[in-house]
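For reference, the chains in residue letters:
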Amino acid sequence: MGTLFIGIAFGPTLGSILIKFTQNLLTPFYVSVTVYMLMIPLYLLALPESLILVARASLTRKQHELREEHAEAPQQARASGRWHARQRFLALFRFLSPLAIFLPRMIDGTGRRDWNLLLVVISNGILFSHFCLIAYKTQYAIAVFGWHSEELGYWLSAGGITRALHNIVILPIIIKFLKPGTPAVALPPQQNEMEPLISRNTSPEPWAEAEEGTPAATPTHPPTPSSYAIARTDLMIARVSLLIDIASYTMVAMSGGPVLFFVGTVAMSFGGGFGPAASSLALHLSNGQESGKLFGAIAVANTIGSSLVGPAIFGMIYINTVGTFPKAIFVAAAASVAVAFGAMLLIRLPQEPLSKDVEDRVGDELQPQTLGAI
């Protein structure tokens with residue numbers, strides 16, 4: 001998503017320039033419609049199918065199972081209408097079924113439940129609920145500072161440029177310095193100095209067959225950092241990012257003029273490391289299993305936060321306080337980030353090392369490049 005914010009950075013500036021030269025507020029909308037129309041052939045003809053054949057076959061099989069369940073339902077129940085009522089009721093909440101992966105699971109041999117994954121998704125959902133705040137920030141700037149479309153465009157572009165710079169340049173550099181070191185490579189035993197380097201019974205290729213009775217050497221993969229060390233780095237980045245968000249919202253809530261408001265809102269871009277760090281941490285806490293289902297469930301939770309919970313809560317706060325204390329929405333945002341930070345503080349990474357095969361699989365998926373992608 002780092003490159004996404006490049007477009008977000010230049011879009012508002014381009015819109016401001018178009019409005020300034022055309023003196024028409026609808027010009028950016030005409031340009032947007034034209035761009036969307038040009039993208040339709042791209043989606044239809046150029047972009048490949050995102051689902052592989054196995055995934056599509058699985059979805060088709062599940063659809064057939066649902067149809068068979070409908071066909072095998074008791075005729076009396078269907079006739080009375082109870083079966084149809086039950087199916088309609090369950091269909092209303094079917095979109096929540098992927099969230100079952102976040103339910104606390106029992107820890108073997110302890111009798112306790114693991115709440116870590118649920119805490120991560122709660123924190124992530126809280127941060128995604130702030131996506132609706134851009135509209136209220138805009139209304140606040142118009143009402144309090146008298147900004148017009150041109151000033152708003154430059155302000156939005158500054159935030160987009162800063163976030164793109166952070167996600168593409170600054171965050172990868174930070175991850176490079178914070179990433180755990182790889183274990184040392186074990187060298188083979190030192191060869192006898194009196195023995196020739198290449199003899200009749202040896203071969204320069206390490207994978208060549210050795211003499212009879214001696215196992216042949218096989219090429220080895222370079223060691224990777226342990227998944228526990230990577231998860232610890234993810235957790236630290238997530239916590240620091242939340243602290244930056246708390247400080248930024250506090251600065252905006254305390255702002256008395258446009259300068260401090262501008263600096264505080266732009267500084268929120270430096271908390272953008274929470275998203276990738278939280279996703280990488282969630283993958284570690286799930287032991288690298290069912291990663292597709294995990295990220296699908298995270299997307300559902302984020303959509304609920306950004307499209308349902310966030311607009312409902314912050315919209316109600318802004319409507320009820322805009323006439324008396326318009327900064328209340330920023331105070332509420334800072335408080336919600338503090339709740340997310342408290343949830344991240346409750347996360348306790350398991351001290352027991354994972355099995356070798358699981359650790360290798362998770363370590364391969366949680367490379368620092370994954371942390372830097374947004």
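Residues numbered from 1 in each chain as written. Predicted model: local features only at pLDDT ≥ 70, side-chain atom pairs only at ≥ 80, totals over all residues. Heavy atoms only, no water.

Caption draft 1: Representation of the overall build of the chain in the model. Broken down by element type, the chain carries 15 helices and 2 strands. Within the chain, buried positions represent 34% of all 374 residues. Of all intrachain contacts in the chain linking residues separated by at least 6 positions in sequence, the fraction that spans at least 24 positions is 75%. When the accessible surface of the chain is summed, it comes to about 23,500 Å², and 66% of that surface belongs to carbon and sulfur atoms. (Helix = DSSP H or I, 4+ residues; strand = E, 2+ residues; numbered from the N terminus. Buried < 20%, exposed > 50% of the residue type's maximum accessible area, 1.4 Å probe, protein only. Contact = heavy atoms within 4.5 Å. Areas by Shrake-Rupley, 256 points an atom, 1.4 Å probe, with all protein chains shown as cover.)

Caption draft 2: Summary view of the packing of helix H11 (residues 274–285) against helix H12 (residues 291–321). Where H11 contacts H12, the two axes come as close as 10 Å, and the packing angle between them is 135 degrees. Comparing their axes, H12 and H11 come out oblique. Crossing of H11 against H12: the hand is right-handed. Along its contact with H11, which presents Ser279, Ala282 and Leu283, the element H12 presents Ser291, Leu294, Phe295 and Ile298. By residue class, the composition of the contact of H11 with H12 is 5 nonpolar, 2 polar and no charged. (Axes fitted to C-alpha atoms, helices over the stretch in contact; angles between N-to-C directions. Parallel < 35°, antiparallel > 145°, perpendicular 65-115°, else oblique. Left-handed = near helix turned anticlockwise from the far one by under 90°. Nonpolar A, V, L, I, M, F, W, Y, C, P; charged D, E, K, R; others polar.)

Caption draft 3: Expanded view of the packing of aromatic side chains. In total, this model carries 11 aromatic pairs according to the counting rule given. Here Trp147 and Phe261 contribute two aromatic rings whose centre-to-centre distance is 5.9 Å and whose plane-to-plane angle is 70 degrees, an arrangement assigned as edge-to-face. Remark: Phe261 occurs in helix H10 (residues 258–267) and Trp147 occurs in the loop between helix H7 (133–145) and helix H8 (149–178); sequence separation between them is 114 residues. Each of the two residues, Trp147 as well as Phe261, counts as buried. (Phe/Tyr/Trp six-rings, centres within 6.5 Å; stacked < 30°, edge-to-face > 60°.)

Caption draft 4: Region of interest: the environment of Glu150. Mapped onto the fold, Glu150 is located in helix H8. Classification of Glu150 as partly exposed rests on a relative accessible area of 28%. Contact partners of Glu150, with chain neighbours within four places excluded, come to Ser16 and Lys20.

Caption draft 5: The nonpolar core, seen in detail. Phe261 and Leu281 are the most contacted members of the largest nonpolar core, which totals 55 residues. Among the secondary structure elements, those contributing two or more residues to this core are helix H6 (116–128), H7, H8, helix H9 (227–254), H11, H12 and helix H13 (328–345). With 10 residues, the top contributor of residues to this core is H13. If we skip the residues at most four places from it in the chain, Leu281 touches Val120, Ala231, Asp234, Leu235, Met344, Ile347 and Leu349. (Core = buried A, V, L, I, M, F, W, Y, C linked by side-chain atoms within 4.5 Å.)

Caption draft 6: View of H13. The end-to-end C-alpha distance of H13, which contains 18 residues, comes to 26 Å, matching closely the 26 Å that a straight helix rising 1.5 Å per residue would cover. Every buried residue belonging to H13 is among Ala328, Ile329, Phe330, Ala332, Ala333, Ala334, Ser336, Val337, Ala340, Phe341, Ala343 and Met344, and all of these are buried. On its buried face, H13 sits against H6, H7, H9, H10, H11 and H12. (Expected span 1.5 Å × (residues − 1).)

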